[in-house]
Each structure stands twice: as structure tokens, then as C-alpha cells.
Amino acid sequence: MNVLNREAMKIPSDKLVEALEERIAAKRAVLEERDRLWGKNRVLVGSYMENLALPELFGFDMNEIFEDPGLALDIELRYRIFWLDNSHDDWNSWLGMPANAGKYFDMTLFGMEVRHTAQGVPLFMPHPVAQKPDLSLFKPFDFRTTGEMPNLIRHYKKLKELSHTRYGDKVKIYFPSFRRGPLDIYIQMRGYEGFIEDVYDNPEFAREFLAYIVNERARWNRERADFLGEKFPADSTYVADDWLNVPFITPRVFEEFIVPAYEAIQRAEGNVTGFHTCGVLTPVAKRLLEIFPAMKTLEVSGWNDFAELDKAIDPEIGFHLNFINTFVLTASETEHRRMLSTIARIAEHRHVSLCVQAIVRMHETFDETIERMNRFIDLAHEMLRV
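Residues numbered from 1 in each chain as written. Predicted model: local features only at pLDDT ≥ 70, side-chain atom pairs only at ≥ 80, totals over all residues. Heavy atoms only, no water.

Caption draft 1: Focus on the pattern of salt bridges. A full pass over the atoms with the stated rule returns 30 salt bridges. The partner of Lys27 in a salt bridge is Asp89, with the nearest N and O atoms 3.0 Å apart. Residue Lys27 is located in helix H1 (residues 16–38), and its partner Asp89 is located in the loop between helix H4 (69–86) and strand S2 (96–98); the two are separated by 62 residues in the primary sequence. Here Lys27 matches Asp89 in class, with each residue buried. The partner of Arg350 in a salt bridge is Asp310, with the nearest N and O atoms 2.8 Å apart. Separated by 40 residues along the polypeptide, Arg350 in the loop between helix H14 (333–347) and strand S10 (352–359) and Asp310 in helix H12 (residues 306–312) bring together distant segments of the chain. What makes Arg350 buried here is its relative accessible area of 4%. Connected through salt bridges with shared partners, the residues Arg34, Asp35, Arg42 and Asp90 form a single ionic network. (Salt bridge = Lys/Arg side-chain N within 4 Å of Asp/Glu carboxyl O. Helix = DSSP H or I, 4+ residues; strand = E, 2+ residues; numbered from the N terminus. Buried < 20%, exposed > 50% of the residue type's maximum accessible area, 1.4 Å probe, protein only.)

Shown next as C-alpha cells:
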């Protein structure tokens with residue numbers, strides 16, 4: 001078994017940017033050589049480690065990241081060095097990172113408390129709306145004071161200061177956008193059963209709640225632009241709605257309730273050019289592309305049937321195909337080859353890229369886990385580079 005390169009854990013903090021720059025240059029040379037040997041138009045394969053794997057790998061409590069911007073910066077740079085040292089994929093890194101108050105800071109704008117385990121698993125505390133479908137339970141957010149916003153703003157300002165004092169402003173610090181879709185927020189707050197009850201028994205409330213979420217999302221993104229001195233609406237926007245997952249959300253419910261909400265986002269915030277769901281979208285994918293005509297690449301989770309989706313969608317639309325981590329890390333080589341053969345056929349007439357995503361330790365050691373991931377990436381390169 002190959003042993004992981006763990007040099008990223010030993011580099012002094014003041015040398016991290018220099019070390020990352022060296023890795024970026026080295027990876028650029030590797031990718032240029034692959035372009036020369038395999039062609040620039042090959043199917044590119046990316047990868048990343050799920051944030052839940054980082055506390056065990058680097059030895060910290062995830063809550064410390066949210067409390068200590070200095071630690072957050074240190075871990076982020078070490079992770080990027082570690083990944084460039086160990087992944088066989090086609091992605092390079094960059095000198096930039098977002099401020100971070102948790103992946104679900106947006107939920108706290110609606111009065112939901114989100115806690116985290118030491119590993120980083122989010123724990124959503126019940127909101128009163130789960131028991132009573134009543135919009136009067138919500139108080140409009142204040143950009144600077146509601147939920148995790150004070151911590152997020154503090155984190156952002158401190159990271160910019162640290163980038164300046166430690167690394168001469170080489171690390172670009174970003175302020176996150178509100179990208180989460182209304183369906184995710186609705187179901188997290190009301191529960192899935194509550195959402196289903198609403199759309200069938202209380203459809204007026206369902207539409208009002210979705211519209212409220214969409215309006216608050218647009219208002220937050222507008223205030224973000226004011227805070228940063230940027231224009232609003234931006235040239236494009238993005239929607240991430242993991243609960244768009246057929247059959248849990250039926251095509252009828254999608255059309256009657258979710259489509260109007262998505263159309264409202266696009267009217268308020270600009271063209272939607274990217275959409276994410278971890279769920280099955282094949283039955284509604286064509287309609288989704290009609291709603292968001294500026295979207296030229298469809299991000300597809302591994303729960304979808306890639307061949308079935310390929311038949312349904314215009315070949316001018318690119319596919320960014322994501323793999324379920326359990327499939328990558330535990331399936332047999334025969335299963336891997338079968339899947340990659342399907343993708344090779346799709347790539348004959350459509351632009352395709354792949355993501356070997358959300359890697360966590362699924363075996364006894366990280367060494368074995370990353371070796372299995374790289375074995376899959378190497379096989380993908382072998383089967384898809386021509």
C-alpha cells in the first residue's frame with residue numbers, strides 16, 4: 001500500500017503559502033504534460049475531501065474553525081497542500097478561501113440554531129414553524145446581527161487581516177454568497193412531512209413560505225453586495241437545493257411550487273448559471289434547463305442514471321458527473337469499468353467532466369482510502385483520455 005505524503009502537517013505556518021505556491025506550480029506542470037500526452041479536450045477528473053474528514057486527519061475540533069480564523073486559514077492551506085501532494089486528479093488549487101461560519105449559516109437567518117459536533121456534523125435545533133405553519137413566527141434578518149452573521153463578518157475581517165500580515169495579501173479572502181435554494185430551507189425548517197402536508201393541505205402557506213425565503217435570499221445577496229461594494233444583481237447566480245430529489249419531490253410538486261420560486265430567484269438575482277442537488281433530477285432536468293436557459297452545464301449527482309439522463313437532454317448541454325463516495329471507495333473494478341464505459345459513450349457526443357467527491361475515511365486508514373480513490377482516478381484517466 002502507498003503511504004500518504006503528510007508533509008503538509010509539518011510545514012511551519014509562515015511557510016504555508018510558499019509551499020502551496022510550489023505545489024500549484026508543480027501541478028500545473030503535471031497538467032500541461034497530461035494535455036500534451038492525452039489531449040486538452042479529454043474528460044477531466046477532479047476530486048476533493050469532505051470537510052468532515054479534516055478534523056480527524058489534522059487533529060482539531062470543527063467548532064474551533066468557526067471560532068478561530070487563524071486556525072481556519074492554517075488548516076485550509078494545509079489541506080490544499082495535502083491534496084496536491086496526494087490526489088491524482090486534474091484539478092489544481094489556488095490562493096483563495098471563503099470566510100466560514102458553517103455551511104448552514106444561511107439557515108440561521110431564519111431563526112434556526114445550527115450546532116456542530118467535533119467532527120463537523122451539523123445539528124439543526126427545532127424551529128417553532130416545525131409545529132405551526134405561520135409566517136408571523138419569522139423576524140426579518142438584520143445583515144450584521146442575525147444568527148451567525150456577527151461571527152461570519154468577524155471571520156471575514158480577521159482572515160483579511162491575517163492574509164495581509166502573514167502572507168502579504170497573497171491569500172484572497174471571499175465573503176460567501178447565499179446560494180441555498182428555498183426547498184432546502186423549507187424542508188429543514190418544517191420537516192419533510194410538514195412540507196408534504198403543506199403542499200397538499202395548505203398550499204397557500206407553502207407558496208407564501210417559499211416566496212418569503214426567495215425574497216430574503218435576494219435581500220441578503222443585495223445587502224452583501226452593498227457591504228462589499230459590488231453590483232447587484234450580479235452577472236449570474238447559483239442555486240443549491242439538495243431536496244430536489246425525485247420521487248421525494250414529485251414532478252407535479254416541482255412544477256406547481258418549486259418552479260415559481262426558481263423563476264423568482266432568476267428575476268431578482270440574475271441568470272442562474274449553476275444548479276446543484278445531491279438528489280435524482282433526471283425526471284425534471286429538461287424542465288430545469290428551460291427555467292434556467294443560461295445554464296450550459298448540468299451538475300449531476302451519482303444517484304442519477306447517467307445514460308438515462310443523456311437520452312433526455314440536448315447534447316449541447318455539458319455534464320459534470322459526480323460519483324457517490326461509497327461507489328468509488330468500495331465498488332469492484334468490474335463495476336467501475338462498467339460505469340466508466342457508459343461515461344465514455346456519453347463523452348463521444350457531449351462535453352463531460354467528473355468529480356470524485358466527498359472523500360472521507362471509509363477504510364481502516366486514510367492511506368487505504370486515498371489509494372482506492374486514486375486507483376479509480378487512474379482507471380478513469382485510462383478509459384476516458386482518448
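Caption draft 2: Quick peek at helix H9 (residues 203–228). Taking 1.5 Å per residue, 26 residues should reach 38 Å; H9 reaches 38 Å between its end C-alpha atoms and fits that length. Gly229 lies just past H9 and shows a positive phi near 75°. (Expected span 1.5 Å × (residues − 1).)

Caption draft 3: Up close: the packing of aromatic side chains. If you walk through the whole model with that rule in mind, you get 33 aromatic pairs. Between Phe205 and Phe209 the ring centres are 5.6 Å apart and the planes differ by 40°, which places this aromatic pair in the tilted class. Within this pair, Phe205 and its partner Phe209 are both found in helix H9, separated by four residues, close to a single helical turn. Accessibility assignment for this pair places Phe205 and Phe209 in one class, buried. Taking the centre distance of 6.3 Å and the plane angle of 75° together, the rings of Phe306 and Phe323 count as edge-to-face. Here Phe306 is found in helix H12, whereas its partner Phe323 is found in strand S9 (residues 318–323), with 17 residues between them in sequence. Assigned by exposure class, Phe306 and Phe323 land together as buried. Positioned above the aromatic ring of Phe141 is the side chain of Arg219, whose terminal nitrogen or guanidinium carbon lies 3.7 Å from the ring centre. One residue, Arg350, lies across the ring of Phe319, its end atom 4.0 Å from the ring centre. (Phe/Tyr/Trp six-rings, centres within 6.5 Å; stacked < 30°, edge-to-face > 60°. Lys NZ or Arg CZ within 6 Å of the ring centre and 35° of its normal.)

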